[in-house]
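Given next are the chains, with one letter for each unit.
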Amino acid sequence: MAYDLEEQEQLESLKAWWNQYGNTVTWALIVVLLALAGWLGWKYWQRTQAADAAVLYEQVTKAAESRDAERVKRAATDLEEKFGRTAYGPMSALTAAKVLYDAGDLAGAKTQLQWVIDHGDDNYAPLARVRLAGVLLDEKAYDQGLALLKDEPAQYAGLFADRRGDLLAAQDKREDARAAYRRALEKLGAGEAGMRQIIQFKLDALGTA
């Protein structure tokens, strides 16, 4: 009997607690379950997006291998519009920009590179800035190119300095160009011997001060 009374007291205590906090606990569980469902849904959506984007990116790379500039442009634009938030977006835009540049379509190359600058992350956007500055160098838009190379990220300091040197040399600002090339040599790693040789050649071509 004592056991039944104790059990009954526990049940009454539990009922009282539930009456006071049950609604809050229920809503908390609903929020947690919704958050979990949302997270799982998001991960599934990401996997689906990445898989579909990979198919389109393959089309971009195949078109690039055949140097089909128009097909590259169409496939890259399609990928950017549908899957621009995946890593394949900036990858395809950089690939398309190279093919279009080689085909002489500077306007198309600039459009693709600007897309990467606007939508790419810290891995891709700086590369696009360097390459777009190179296109502007060809167009003799030197000041626009130099403006793109401000606020250089540390991991791309060597590339930024090298391109800055090219633009300054084209403006016949020899001393500034020398300083930029020296900075590029300073920032490039020892494993980038080929690029270091090219930069040293450009530095030597400027002559001594």
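See the structure shown above.
All figures in this text were calculated on a predicted structure; none of them were measured in a lab.

### Some points on the overall build of the protein
Helix and strand counts for the protein come out as nine helices and zero strands. Secondary structure elements in the protein, listed N-terminal to C-terminal, are α-α-α-α-α-α-α-α-α. Buried residues in the protein amount to 35% of all 209 residues. Put simply, 49% of the contacts in the protein that link residues at least 6 apart link residues at least 24 apart. A total accessible area of about 13000 Å² is found for the protein, and carbon and sulfur atoms account for 56% of it.

### A short note on the pattern of salt bridges
For the structure shown, the criterion picks out 15 salt bridges. A salt bridge links arginine 71 to aspartate 68; the shortest N-O distance between them is 3.4 Å. Note on aspartate 68: relative accessible area 29%, which makes it partly exposed. For arginine 163, the salt bridge identified is with aspartate 166, shortest N-O distance 3.2 Å. Residue arginine 163 and its partner aspartate 166 are located together in helix H7 (residues 157-170), separated by three residues, close to a single helical turn. Each of the salt bridges in this network shares a partner with another, and the network as a whole consists of Asp162, Arg163, Asp166 and Lys202.

### Observations concerning a nonpolar patch on the surface
Judged by side-chain polarity, Leu14, Trp17 and Tyr21 come together as a nonpolar surface patch covering roughly 320 Å² of accessible area. Using a relative accessible area of 40% as the deciding quantity, one classes tryptophan 17 as partly exposed.

### A look at the nonpolar core
Core analysis: the biggest nonpolar cluster contains 33 residues, and Leu113, Leu132 and Leu167 have the highest contact counts within it. At the level of secondary structure, the elements contributing two or more residues to this core comprise helix H3 (88-102), helix H4 (106-119), helix H5 (125-138), helix H6 (142-148), H7, helix H8 (174-187) and helix H9 (193-205). In terms of residue count, the dominant contributor to this core is H5 (seven residues). In this structure leucine 113 touches Leu94, Ala97, Ala128, Arg131, Leu132 and Val135, once residues within four positions along its chain are discounted.

### Some points on the packing of aromatic side chains
Within a pair of aromatic rings, the relevant descriptors are the distance that separates the centres and the angle that separates the planes. This model, assessed by the stated rule, comprises one aromatic pair. Aromatic pair tyrosine 57 and tyrosine 88: ring centres 5.4 Å apart, planes at 45 degrees, arrangement tilted. Separated by 31 residues along the polypeptide, tyrosine 57 in helix H1 (residues 2-65) and tyrosine 88 in helix H3 bring together distant segments of the chain. The class of tyrosine 57 is buried, set by a relative accessible area of 18%.

### As for the side chain of glutamate 152
Along the polypeptide, glutamate 152 turns up in the loop between H6 and H7. A polar contact is formed between the side chain of glutamate 152 and the side chain of arginine 183, at a distance of 2.2 Å. Discounting residues that sit within four places of it in the chain, glutamate 152 has contacts with Ala157, Phe160, Ala161, Arg164 and Arg183.

### Things to note about the environment of arginine 129
Position of arginine 129 relative to the elements: it lies in helix H5. Each C-alpha atom, one on arginine 129 and one on glutamine 114, is 7.9 Å from the other, the two residues being 15 residues apart in sequence. Among all residues touching arginine 129, those that are not within four sequence positions of it are Ile117, Leu148, Leu149, Lys150, Asp151, Pro153 and Phe160. A polar contact is formed between the side chain of arginine 129 and the backbone oxygen of leucine 148, at a distance of 2.9 Å.

What counts and what doesn't
Residues numbered from 1 in each chain as written. Predicted model: local features only at pLDDT ≥ 70, side-chain atom pairs only at ≥ 80, totals over all residues. Heavy atoms only, no water. Helix = DSSP H or I, 4+ residues; strand = E, 2+ residues; numbered from the N terminus. Buried < 20%, exposed > 50% of the residue type's maximum accessible area, 1.4 Å probe, protein only. Contact = heavy atoms within 4.5 Å. Areas by Shrake-Rupley, 256 points an atom, 1.4 Å probe, with all protein chains shown as cover. Salt bridge = Lys/Arg side-chain N within 4 Å of Asp/Glu carboxyl O. Patch = residues over 30% accessible without salt bridge, like charges linked within 9 Å, V, L, I, M, F, W, Y side chains within 5 Å. Core = buried A, V, L, I, M, F, W, Y, C linked by side-chain atoms within 4.5 Å. Phe/Tyr/Trp six-rings, centres within 6.5 Å; stacked < 30°, edge-to-face > 60°. Polar contact = N/O pair within 3.5 Å; in protein donor to acceptor, adjacent residues only side chain to side chain.

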